[in-house]
Amino acid sequence: MIEEIRIASLGVIDESVLELGPGLNVVTGETGAGKTMLVTALGLLLGARADAGAVRTGAKAARVEGIVTLTDPDGPLARRVDELGATVEDGTLVLARQLSAEGRSRAFIGGASVPVAALQGIADHLVAVHGQSDQHRLHQAEAQRLAVDGFAGEGVRALKQSMSSGYAALRTVEVELADVIGAARERAREADVLRLGLGEIEAVDPQTGEDLLLAGEESRLGFADTLRTGAEAAREAMSSDSDEPDALSALGAARRALESVREHDPEAGRLSDRVAEVSYLLSDVAADVASYASGLETDPARLAVVSERRAALTALTRKYGETVDEVLAWAASSAERLVALDDSESRAETLRVQRAELRAELAATAETLSAARTHAAGRLAQAVSEELSALAMPHARIEIRVGRTPDPDGLEIAGETWRFNSSGVDQIEILLAANTGSEPRPLNKGASGGELSRVMLAIEVVLAGTSPVPTLVFDEVDAGVGGKAAVEIGRRLAALAVSAQVLVVTHLPQVAAFADRHLVVQKSSDGRITTSGLEVLDDAGRVRELSRMLAGLEESETAMAHAQELLDVAQKARTARR
C-alpha cells in the first residue's frame, strides 16, 4: 500500500505531500489546478517515461518520493526488492525518481540507485493505473483476453505457462529443422570439401611430429660430407692416429706432472685425480665422435625419399595447419563434422518427430485452455452484466465470444486446424448490447465514452478479487458520466476499496462523496507564478468542496444541503458494504 507521495518542482506543483490511507482516496479540484499532475507524479515514481518539460519553470530538477508499506515480507514485491539490493526498514520501502531540467533521470529504491526499468518491475507488483486512455486499451483483443484469463484464475494461468513453454520449444525445433532442410545444398558442398581434405590427408598418412624428424634427417643427409669432415677433425684433435700432439697426450702429461709431486701435497693428488677423470671422459667423447663420423654416409636415394616425403607434408600444412600436428587436429575435427553432416537427414527426421509430438501436446493444452476460457468468459460476462445493471445501465448485456481462426498450418483440434500462438488458439472479443433488443457489438463500434468507462469499471470490480496488486488508480475514468450512473460509480469504487487501496482523480461530486479520504488540489498565484498544493479535507471542508463541484458555489445553502445529502447517502452505503 502507498502511504505517502512527496512531490517537488513538478509542473504547477512547487512542493506538496499526498497522504494516502486505506480504502477510497479521492482527489478533486478545479480544472487546471493540477489533479492529473498527481497521476503523472505517480507514473514517474513507477518508471514511466520522463518528460523534461514537466520540471517546474525555474527549477533545476523535479523529484517524486513515495513511501510504500510491504504487508507481506515474503511476497513477490519483497523478493524483487531484495534482488535489487534495496533496504526495507520496518516494513517500509522508499521509492524515488529525480528528473533534471536537461532531461536526465535517476531512480532509487530503498536508498539504492537503480535503473528506471527497476521501478517498472516494482510497479507490476504495486499499482494498476486506469486512465481515460485505458478505455481505448479495452478495445484491444489482448486486453480483453487478459481480462478473461485473469478472471479464470490459477488453472488458466498454469495452462498458459504450459502453452508458452511448449510454444517456445516448438519454435526452437522448427528453426533447427528449417536450418537442416534449407541448408542441405550448403551442407552437401561442405561435406564434399571435407571429404576431399580428409582424402588428401589419408593418402599421405602423416604421423605426429614427423615433419620435425624429417627436417632433421634431410639436413644430415644433405650435409653428410661436411659433417663427416668436421667430426673426423674433432676426433683427430682429441685422439690422433699419427704422432701429432692431441688433447689426450696433453692431459696424460699433465697427470704425470701432478702425480710426481703427490707425496708432497694432498691437494696435488686431488688435482691429479680430477685430470684423470677428464682424460677418461675425453677418451669416451673421442670414441663417440669417431663412431658418429663413421656412421655418416652419403645416401642420395634416402635423401630423395626424405625430400619427397617432406614435400607431401608441406602440401598438407599449406592447406590444413602450420604443422603436421595441426593438420591431424583438423582431420579429427573435420571427421566429426562430416559425421554430423552425413547425419543431417537422420537429424531432420528426428526433428520432424519432435515437432509432431510438440504440436500434439500443444493442441491438447490449447483445447483444454480454450474450454477453460469459454467457461470463464460466460461467468465473466454474466458478472459484468450484473455490475452494469447497478451502474445505471439496467438493460445492458455483455457477451464474450471465444473464437478461432482457421489455418492450414495451425494446430489440429477435433479434426480442424486453427491459428495459434504462445497464448493458445483463442481470439476473445467483448461485445456490448447497451439496450434491450439491440445486437451485441464490439466495444470499439458504438460504445460511448461513458459506456466504456462503466464497462471498464464493472470489469475491474469483478476482477478485484483476482487482482494481485494492492493499489488501484483511476484517473477520471468517470468522464462522460453523470447523474445516477455517477452515484453508482462511486458505490463501485467504494466496493473496490474494501479489498484494495483505491486512488481516484475525479470531477464528479457523486464519486467524491464516497471517499474515505478526500484531498483537494488548490491553485494559488502571486501574480507571477501559479502554484498548486494539496489539502486533506475535514467534514466541513468536504461539504464546501462538494458544493463547489455541484453548483460552482461553496457558500450556497442549497448546494451545501445537496452536498451534505450526498455525503449522508454515501456514508450509509459504505457502512452497509462493510
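The coordinates are above.
Each value, and the rule that gives it
- Residues numbered from 1 in each chain as written.
- Predicted model: local features only at pLDDT ≥ 70, side-chain atom pairs only at ≥ 80, totals over all residues.
- Heavy atoms only, no water.
- Helix = DSSP H or I, 4+ residues; strand = E, 2+ residues; numbered from the N terminus.
- Expected span 1.5 Å × (residues − 1).
- Buried < 20%, exposed > 50% of the residue type's maximum accessible area, 1.4 Å probe, protein only.
- Arc of directions from axis to C-beta.
- Pairing = 2+ DSSP bridges.
- Contact = heavy atoms within 4.5 Å.
- Axes fitted to C-alpha atoms, helices over the stretch in contact; angles between N-to-C directions.
- Phe/Tyr/Trp six-rings, centres within 6.5 Å; stacked < 30°, edge-to-face > 60°.
- Core = buried A, V, L, I, M, F, W, Y, C linked by side-chain atoms within 4.5 Å.
- Salt bridge = Lys/Arg side-chain N within 4 Å of Asp/Glu carboxyl O.

### Brief notes about helix H12 (residues 300–320)
Then step 1. Taking 1.5 Å of rise per residue, the 21 residues of H12 would be expected to cover 30 Å, and the 30 Å separating its terminal C-alpha atoms lies within 8% of that figure.
Then step 2. Of all the residues in H12, the buried ones are Val306, Leu313, Leu316, Thr317 and Tyr320. The buried residues of H12 occupy an angular sector of 100 degrees when the element is viewed end-on, so they sit on one face. H12 presents Pro300, Ala301, Glu308, Arg318 and Lys319 as exposed residues on the side facing more than 90 degrees away from its buried surface.

### Notes on the environment of Ser291
Then step 1. For Ser291, the location among the structural elements is in helix H11 (residues 266–295).
Then step 2. Of the residues examined, Ser291 reaches a relative accessible area of 46% and is grouped as partly exposed.
Then step 3. Between the C-alpha atom of Ser291 and that of Arg235, which follows or precedes it by 56 residues, the distance is 9.7 Å.

### Looking at the sheet that holds strand S12 (residues 427–433)
Then step 1. Reading across the sheet, the 3 strands line up as S9-S12-S13 and stay open at both edges, with antiparallel pairing between neighbours. Each edge of the open sheet is held by one strand with a lone partner, namely strand S9 (397–403) and strand S13 (441–442).
Then step 2. Sheet analysis places S9 next to S12, joined by 7 bridges and oriented antiparallel. Each bridged residue has a counterpart across the sheet, and for Ile398 the counterpart in S12 is Leu432.
Then step 3. Each of S9 and S12 touches helix H5 (residues 141–152); the most contacted strand, S12, lies at about 90 degrees to it.
Then step 4. Contacts from helix H14 (residues 344–390) reach S9 and S12, with the element oriented near 165 degrees to S9.

### Some words on the environment of Gly58
Then step 1. The residue Gly58 is located in the loop between helix H1 (35–45) and strand S4 (61–69) in this model.
Then step 2. Its relative accessible area of 81% is what places Gly58 among the exposed residues.
Then step 3. Gly58 sits 14 residues away from Leu44 along the chain, and the two C-alpha atoms are 20 Å apart.

### With respect to the environment of Glu190
Then step 1. Turning to its location among the elements, Glu190 is positioned in helix H7 (residues 184–204).
Then step 2. What makes Glu190 partly exposed here is its relative accessible area of 31%.
Then step 3. Note: C-alpha distance between Glu190 and Arg337 (147 residues apart in sequence) is 9.5 Å.
Then step 4. With sequence-adjacent residues up to four places away left out, Glu190 is seen in contact with Arg337 and Leu341.

### Looking at the packing of aromatic side chains
Then step 1. In this structure the tally under the stated criterion is 2 aromatic pairs.
Then step 2. Summarising the aromatic geometry, the rings of Tyr167 and Phe420 are spaced 5.8 Å apart at their centres and angled 80 degrees between planes, so their arrangement reads as edge-to-face. Taken together, the residues Tyr167 in helix H6 (residues 154–182) and Phe420 in the loop between strand S11 (416–418) and S12 connect sequence positions 253 residues apart. Neither residue differs from the other here; Tyr167 and Phe420 are each classed as buried.

### Details of the pairing of strand S15 (residues 501–505)
Then step 1. In terms of burial, S15 is largely enclosed, as 5 of its 5 residues are buried.
Then step 2. Where strand S3 (residues 24–29) meets S15, 4 bridges bridge the pair, whose relative direction is parallel. Bridge assignment links Leu24 to a residue of S15, and that residue is Val502.
Then step 3. Judged from the 5 bridges that link them, strand S14 (residues 471–475) and S15 form a sheet pairing that is parallel. If you follow Val473 over to S15, its bridge partner there is Leu503.

### Considering the side chain of Gln510
Then step 1. Locating Gln510 in the fold gives a position in helix H17 (residues 509–512).
Then step 2. The contacts of Gln510, once residues within four sequence positions are left out, are Gly483, Ala486, Val487, Gly490 and Leu566.

### Looking at the nonpolar core
Soluble globular proteins tend to bury their nonpolar side chains together.
Then step 1. One finds Leu24, Leu388, Ile398, Ile400, Leu432, Leu493 and Val502 to be the most contacted residues of the largest nonpolar core, which totals 57 residues.
Then step 2. Ranked by the residues each element gives to this core, the list is headed by helix H15 (residues 449–463), at 8 residues.
Then step 3. When neighbours within four sequence positions are excluded, Ile398 is seen to be in contact with Ala381, Val384, Ser385, Leu388, Ile430, Leu431, Leu432 and Val455.
Then step 4. Ala54, Val68, Ala78 and Leu119 belong to the second-largest nonpolar core, a separate cluster that totals 44 residues.

### Focus: unusual backbone geometry
Backbone geometry follows two general trends: most residues other than glycine have a negative phi, and most peptide bonds adopt the trans configuration.
Then step 1. At Asp205, a position not held by glycine, the phi torsion is positive, near 55 degrees.
Then step 2. In this fold, Asp205 is placed in the loop between H7 and helix H8 (210–222).
Then step 3. Even without a glycine there, the phi angle at Ala414 is positive, about 55 degrees.
Then step 4. Judged by its relative accessible area of 74%, Ala414 falls in the exposed class.

### Things to note about the pattern of salt bridges
Then step 1. A complete count under the given rule lists 25 salt bridges for this structure.
Then step 2. Here Lys319 and Glu200 are joined by a salt bridge, their closest N and O atoms 3.2 Å apart. In this pair, Lys319 is assigned in helix H12 and Glu200 in helix H7, connecting sequence segments 119 residues apart.
Then step 3. When the shortest N-O distance is used, the salt bridge between Glu399 and Arg397 registers 3.6 Å.
Then step 4. A relative accessible area of 24% places Glu399 in the partly exposed class.
Then step 5. The class of Arg397 is partly exposed, set by a relative accessible area of 38%.
Then step 6. Beyond isolated ion pairs, a larger network of salt bridges with shared partners links Glu142, Arg145, Asp149, Lys160, Arg373 and Asp426.

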